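Structural overview for review
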Amino acid sequence: MKLPRKVKMYCPFCKVHQPHEVERVKKRKASELRWGQRRFRRVTSGYGGFPRPKPDREKPTKRVALKYKCTKCKKAHQKPCIRAKKFEIKEQ
């Protein structure tokens, strides 16, 4: 899926349609102190079974999170994730 770098869409802060810059959200490093990460470390330690799906059974498409930044007010917002096999942001 190809998406342009700039799209015109509704800005919830300006309350009017404005041009937005599209940016892909990068996954940040998981905090070691969060409960889910502590549980993951506890379950995967030792000889127990691995609590995650096997790598060979991956889904055919991945979720892509996009951040839209308004060019007027400079505030950013997100929409629900989309699924795509290939994703690229193209210049116009």
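Quick caveat: nothing in here was measured; it's all calculated off a predicted structure. (Residues numbered from 1 in each chain as written. Predicted model: local features only at pLDDT ≥ 70, side-chain atom pairs only at ≥ 80, totals over all residues. Heavy atoms only, no water.)

**A closer look at the overall build of the protein**
Across its full length, the protein carries one helix and eight strands. Beginning at the N terminus, the succession of helices and strands in the protein can be written as β-β-β-α-β-β-β-β-β. Seen along its three principal axes, the alpha-carbon backbone of the protein occupies a region of about 55 × 30 × 20 Å. Taking the intrachain contacts of the protein between residues at least 6 apart in sequence as the baseline, contacts between residues at least 24 apart amount to 52%. Element-wise, carbon and sulfur atoms account for 53% of the exposed surface of the protein, whose accessible area totals about 8,000 Å². Taking the 31 positively charged and 7 negatively charged side chains of the protein as two groups, their mean positions are separated by 7 Å. (Helix = DSSP H or I, 4+ residues; strand = E, 2+ residues; numbered from the N terminus. Contact = heavy atoms within 4.5 Å. Areas by Shrake-Rupley, 256 points an atom, 1.4 Å probe, with all protein chains shown as cover. Lys, Arg positive; Asp, Glu negative; His and termini not counted. Charge placed at Lys NZ, Arg CZ, Asp CG, Glu CD.)

**Quick notes on the sheet that holds strand 6 (residues 76-78)**
Reading across the sheet, the four strands line up as 2-3-5-6 and stay open at both edges, with antiparallel pairing between neighbours. With one partner strand each, in any of the chains shown, strand 2 (6-11) and strand 6 form the two edges of the open sheet. Across the sheet, the mean angle separating the axes of adjacent strands is 45° when strand polarity is ignored. Both strand 2 and strand 3 (residues 16-24) contribute to a ladder of six bridges, which runs antiparallel. Bridge assignment links Cys 11 to a residue of strand 3, and that residue is Val 16. (Pairing = 2+ DSSP bridges. Axes fitted to C-alpha atoms, helices over the stretch in contact; angles between N-to-C directions.)

**Quick word on the environment of Thr 71**
By secondary structure assignment, the location of Thr 71 is in the loop between strand 5 (66-70) and strand 6. The class for Thr 71 is partly exposed, based on a relative accessible area of 25%. C-alpha of Thr 71 to C-alpha of Arg 41: the two residues are 30 residues apart in sequence and 42 Å apart in space. Setting aside its immediate chain neighbours within four residues, Thr 71 contacts Lys 6, Pro 19 and Glu 21. (Buried < 20%, exposed > 50% of the residue type's maximum accessible area, 1.4 Å probe, protein only.)

**As for a positive patch on the surface**
Together, Lys 6, Lys 26, Lys 67, Lys 69 and Lys 74 make up a region of like positive charge exposed at the surface. By secondary structure assignment, the location of Lys 26 is in the loop between strand 3 and helix 1 (35-44). Judged by relative accessible area, Lys 26 falls into the exposed class, the value being 71%. (Patch = residues over 30% accessible without salt bridge, like charges linked within 9 Å, V, L, I, M, F, W, Y side chains within 5 Å. Salt bridge = Lys/Arg side-chain N within 4 Å of Asp/Glu carboxyl O.)

**Description of the nonpolar core**
Counting residues in hydrophobic clusters, the biggest one holds nine residues: Leu 3, Val 7, Met 9, Val 22, Val 64, Leu 66, Tyr 68, Ala 84 and Phe 87. Every element with two or more residues in this core is listed here: strand 2 and strand 5. (Core = buried A, V, L, I, M, F, W, Y, C linked by side-chain atoms within 4.5 Å.)

**Notes on unusual backbone geometry**
For Lys 15, which is not glycine, the phi dihedral falls at a positive 60°. Examined against the element boundaries, Lys 15 turns out to sit in the loop between strand 2 and strand 3. Overall, Lys 15 belongs to the exposed group, its relative accessible area being 61%.

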